[in-house]
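Summary of the model geometry
Read off the chains here:
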Amino acid sequence: MMQHMICTIAELESDRQPLSTRYDRKSKDTTLGIMQLLPKTAEWLYRELHYQSYEVEGNPELLFRPFVSVYFGAAYLNWLSNFEQQERSEEFVVRAFKGGTKKATHKSTLPYWQRYLSVKESFPSRNFSEDGLSLNNASSATAPSTLFVPSPQNAGDYTYWDSRASPEDMEEMWNHPEVLKEWSKSGEKRGRVRFSHDEKKRPYLSRIEVKAVAEIVLSKHFSTKGLKPSVLCALAEVISMRFVYGVGPHAGIMGLDYSTAFWLYMELGFKAYKVDSIDDLTKPFVSMYFGAAYFLWLSEYEGRERTPQFVVQAYMAGPKNVNFQETGPMWLKFEEALSHYEDIKKDQGSCFIM
């Protein structure tokens, strides 16, 4: 179990980037390396618990080395697994790793646990290209179908829209006529809007909701670009099945990894939303925004206008891995997903993209 736990946490915390750092504005602390440990935690493990294979005390940059980061990450997980001399569950250990032992059962660490379970399931058969997304995990996932409505005593099982979107974005959603109709029909209330949940209690967006998010993001931030909301909706359908936390190793409804979103933010100036951690990409508006930005960048990859087929396949497989014979099935899945959105029209046997 420890091996899978380490691999999954490394995926969640840093997207396996050895030089990754993350600054917490609230605590003023910075975590380092693929396991995203605090230097003071590693020093405490070294000094107090005698994990001394690497002399990290006074030398925090050692945590950028993968073996060192995994060593102290494993040591910390081992300590958490027997916290206060009690054998702890996997859920306790993972949530405590994220939020500390005091928040191991707090609602704030529940989304992290749900993401952990999704990513962990992908490791035994994971197969995806280094530069792109994979459809292997998405195609084997169960598509969300009916709304999961737990009984009142299980109200804590809900994941709420309001915890995954800003007040401004929530107001836009309430002002969307189709969303207003859907939410009113299901009894949602301002400040406590529930996501739909499947039978495994995984939160997902309805097609009306994902379409509304795409329309709002494009009208506010990309109104001059000509990108159709339906295109982004279809990508979300194929890549994540519209699951809030994503499918497999890729976070959020648009399936972007943290390094790509951070690059779009820092290097290309897409700064309407911040991406301080991979958790931000599990927020539908953030994921949709960076998904749209990446799609538009791909549309002019290497300085020339690209075909819709190239852009869609490059989004899912990586621009260096587009081979129309090998990645053709991705395009077919995308076209099939487009059929779920009524505003899509056909033109000479090909879909309007931009």
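Everything below is about the structure shown above.
Scope of this entry: the structure provided in the associated data block. Keep in mind that this is a model prediction, so the values were computed, not measured.

Conventions used here
- Residues take numbers from 1 onward in each chain, read along the sequence in its written order.
- Residue-level local features of this predicted model are given only where pLDDT is at least 70; pairs of side-chain atoms are given and counted only at 80 or more, and the full residue set underlies all totals for whole chains, interfaces and linings.
- The side-chain values count all of the structure's non-hydrogen atoms but skip hydrogen atoms and water molecules.
- Geometry is summarised by axes, namely lines fitted to C-alpha atoms with helices restricted to the contacting stretch, and by angles between N-to-C directions that run from 0 to 180 degrees.
- Segments assigned H or I by DSSP are reported as helices when at least four residues long, segments assigned E as strands when at least two residues long, and all are numbered from the N terminus.
- In a left-handed crossing the near helix is turned counterclockwise from the far helix by less than a right angle, and in a right-handed crossing that turn is clockwise.
- Should any heavy atoms of two residues lie within 4.5 Å, those residues are considered in contact.
- Side-chain classes follow a simple rule in which Ala, Val, Leu, Ile, Met, Phe, Trp, Tyr, Cys and Pro form the nonpolar group, Asp, Glu, Lys and Arg form the charged group, and the remainder, Gly included, forms the polar group.
- Buried Ala, Val, Leu, Ile, Met, Phe, Trp, Tyr and Cys residues that are joined via side-chain atoms within 4.5 Å together make up what is termed a nonpolar core.
- The rule is simple: take the accessible area with a 1.4 Å probe, protein chains only, and divide by the maximum for that residue type; under 20% is buried, over 50% is exposed, in between is partly exposed.
- The definitions used throughout rest on a 1 Å grid laid over the protein atoms alone, on which a cavity is an enclosed set of points accommodating a 1.4 Å probe that cannot get out and a pocket is an open set flanked by protein within 12 Å on both sides along at least five of seven lines; lining residues are those having an atom within 4 Å of a point.
- Grid points are joined across faces, edges and corners, and a volume is the space filled by probe spheres set on the points.
- Domain start and stop points were drawn from an automatic or database domain assignment.
- The criterion for an aromatic pair is that two Phe, Tyr or Trp rings (for Trp, the six-membered ring) have centres within 6.5 Å, with stacked assigned to planes under 30 degrees apart, edge-to-face to planes over 60 apart and tilted to the rest.
- Consider the ring centre and the ring normal. A charge sits over the ring if Lys NZ or Arg CZ is within 6 Å of that centre and within 35 degrees of that normal.

**Observations regarding the packing of helix H7 (residues 167-175) against helix H9 (residues 207-221)**
- In the contact formed by H7 and H9, the axes pass within 10 Å of each other and the chain directions differ by 115°. Note that H7 runs across H9; the crossing there is right-handed. Residues Asp169, Glu172 and Met173 of H7 form the contact with H9, whose own contacting residues are Glu209, Ala212, Val213, Ile216 and Lys220.
- Partitioned by chemical class, the residues of the contact of H7 with H9 number four nonpolar, no polar and four charged.

**Considerations on the nonpolar core**
- Counting residues in each nonpolar core, the largest one holds 68 residues, and the members touching the most others are Trp161, Phe290 and Tyr315.
- Residue contributions to this core peak at eleven residues, all from helix H12 (residues 284-298).
- Look past the residues within four positions of phenylalanine 290 in its chain and what remains in contact with it is Leu256, Ala261, Leu264, Tyr265, Phe270, Tyr273, Val275 and Leu281.
- One finds Leu32, Met35, Leu63 and Trp113 within the second-largest nonpolar core, a separate group that totals 32 residues.

**Side note on the packing of helix H10 (residues 229-240) against helix H13 (residues 308-317)**
- Direction vectors running N to C along H10 and H13 enclose 35°, while the axes themselves pass 12 Å from each other. Seen from above, H10 lies across H13 with right-handed handedness. Contact residues: H10 offers Leu235, Val238 and Ile239, while H13 offers Val312, Tyr315 and Met316.
- Partitioning the contact of H10 with H13 into residue classes produces six nonpolar, no polar and no charged.

**Observations regarding the layout of surface pockets**
- Considered as a void within the structure, the largest pocket measures approximately 1,800 Å³ in volume.
- Lining the largest pocket are 46 residues, with Asp24, Lys98, Gly99, Lys103 and Ser108 sitting closest to its centre.
- If one sorts the elements of the lining of the largest pocket by residue count, helix H4 (residues 90-99) sits on top with four residues.
- Tallied by class, the residues present in the lining of the largest pocket amount to 15 nonpolar, 13 polar and 18 charged.
- Inspection of the lining of the largest pocket shows a minimum of three residues originating in each of domain 1 (1-122) and domain 2 (161-340).

**Overview of the packing of aromatic side chains**
- Evaluation of the coordinates by the stated rule reveals 24 aromatic pairs.
- Arranged with centres 6.3 Å apart and planes meeting at 80°, the rings of tyrosine 204 and phenylalanine 243 form a pair that is edge-to-face. Here the residue tyrosine 204 occupies a position in strand E4 (residues 203-204), and phenylalanine 243 occupies one in the loop between H10 and helix H11 (258-266), the gap between them amounting to 39 residues.
- Ring plane angle 25° and centroid distance 5.7 Å describe the contact between tyrosine 258 and phenylalanine 262, whose orientation is recorded as stacked. One end of the pair, tyrosine 258, and the other, phenylalanine 262, are both in helix H11, four residues apart, so they sit about a helical turn from each other.
- Since its relative accessible area comes to 35%, phenylalanine 262 is described here as partly exposed.
- Here a set of aromatic residues connected by ring pairs shows up, and it is made of Trp44, Tyr76, Trp79, Phe83, Phe92 and Phe97.
- The positively charged end of lysine 271 is found above the aromatic ring belonging to tyrosine 265, 5.1 Å away from the centroid.
- When the ring centre of phenylalanine 310 is taken as reference, the NZ or CZ atom of arginine 306 above it lies at 4.4 Å.

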